[in-house]
Amino acid sequence: MRFSSKRLSDWKWAYIMIMPLMLGLLVFYIWPVFQTFYFSFTEWGAFGKYTWTGLANYKMLFTDKELLQAIRNTSIYIILAVPIGIILSILLAVLLNQQVKGLSIYRTLYFLPVVTMPAAIAMVWKWLYNSDFGLINYVLGLLSIPGPHWLTDNRTALLSIIIVAIWCSIGSHMIIFLSGLQGISSSYYEAASIDGAGPVTKFMRITIPLLTPTIFFVLVTSLIGAFQVFDFIYMMVGDIVMESTQSIVFLYYKYGFLKNNKGYASSIAVLLFTIIMIITYIQMKIQKKWVHYE
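Residues numbered from 1 in each chain as written. Predicted model: local features only at pLDDT ≥ 70, side-chain atom pairs only at ≥ 80, totals over all residues. Heavy atoms only, no water.

Trainee: Can you explain the overall build of the chain? Please cite residues and give values.
Mentor: When helices and strands are counted, the chain shows twelve helices and two strands. Its helices and strands in sequence order give the chain the pattern α-β-β-α-α-α-α-α-α-α-α-α-α-α, from N to C terminus. Principal axes of the C-alpha set define a box for the chain whose edges measure 85 × 75 × 35 Å. Looking at the 294 residues of the chain, the share that counts as buried comes to 36%. Here the contacts in the chain between residues at least 6 apart in sequence split such that 65% fall between residues at least 24 apart. Surface summary for the chain: the accessible area is close to 18700 Å², and the carbon and sulfur share equals 70%. (Helix = DSSP H or I, 4+ residues; strand = E, 2+ residues; numbered from the N terminus. Buried < 20%, exposed > 50% of the residue type's maximum accessible area, 1.4 Å probe, protein only. Contact = heavy atoms within 4.5 Å. Areas by Shrake-Rupley, 256 points an atom, 1.4 Å probe, with all protein chains shown as cover.)

Trainee: Describe in detail helix α3 (residues 65-96), supporting the description with residues and values.
Mentor: Across its 32 residues, α3 extends 46 Å between first and last C-alpha, which sits within 8% of the 46 Å expected from 1.5 Å per residue. The residue sitting at the N-terminus of α3 and contributing the capping side-chain oxygen is Asp64; that oxygen lies 3.0 Å from the backbone nitrogen of Glu66. (Expected span 1.5 Å × (residues − 1). Polar contact = N/O pair within 3.5 Å; in protein donor to acceptor, adjacent residues only side chain to side chain.)

Trainee: Quick rundown of unusual backbone geometry? Include the residues and the values.
Mentor: Positive phi, close to 60°, is recorded for Ser144, a residue that is not glycine. Looking at where Ser144 falls in the secondary structure, it is placed in the loop between α6 (135-142) and α7 (157-181). Of note, the phi angle at Asn260 is positive, near 55°, even though the residue is not glycine. As for its position among the elements, Asn260 is in the loop between α11 (248-258) and α12 (262-286).

Trainee: Lay out the packing of aromatic side chains with the relevant residues and their values.
Mentor: Applying the stated criterion across every chain yields a total of 23 aromatic pairs. Aromatic rings pair up to connect Phe37, Tyr38, Phe39, Phe41, Trp44, Tyr50, Trp52 and Tyr58 into one cluster. The ring of Trp44 is capped by Lys262, whose NZ or CZ atom sits 5.7 Å from the centre of that ring. (Phe/Tyr/Trp six-rings, centres within 6.5 Å; stacked < 30°, edge-to-face > 60°. Lys NZ or Arg CZ within 6 Å of the ring centre and 35° of its normal.)

Trainee: Quick one: what's the story with the side chain of Thr212, residue by residue and with numbers?
Mentor: Secondary-structure assignment places Thr212 in helix α9 (residues 199-227). A relative accessible area of 5% places Thr212 in the buried class. Non-local contacts of Thr212, meaning those with residues more than four positions away in its chain, are made with Trp290, Val291 and His292.

Structural data, given as structure tokens:
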């Protein structure tokens, strides 16, 4: 009986300790999800008033050419930014996992973009991309190459944002891959050396297979983050976004905060949530075919 009462007391204090966190999750995360789902069936008017419209917003989703363009832009962003960022992060992690001089300095330099404010990063890259007096076009001018209008040309605007996104993501992914690499036993590489395996063979046959759990984690988180790209588009291009750079989240922001059409914006958010859930579910299902946990 004493044990049971003591255990009950422990449970009581445990719930008391986590209650602030649970309340925060409920108020700021869980409740807004249900609220957004409800608002997706409404139409908003002036002074915060709204009326129930049923599936009208979802019918509009499948006929909205602007949304289709945003999905296309987001898909291009994901296809380029995610795999390139992961590949570069793995290569850098492998290089920085070696015993070289100044290793901590290199790791710090590559990690700096992660701890730098996104607004500061966007401002610096806007100056670099400036078509009139930016450093990039200045260097191209020295080579007699005409520099493009990086952020105002439909052909280069999205690519310019992708480059910045890759540059910012490499540092955090590299640290994660470094922790994964340091968890691989050196005995595998010693055995491979005895068999005459070279660096490339070791990398492809040992490093990559044993690093697949870490790659899977980074892939899932990177895809979720890429679907929600907004900050660099907003800070580097501004409110008046071209068709070639408008992402799904920016379209949500546009309808929700600029056009005050919160009902349709909520339906866009629900659509994005559904897409992310489906892709994450597919990743969890197919991971058994390529992720090696032992």
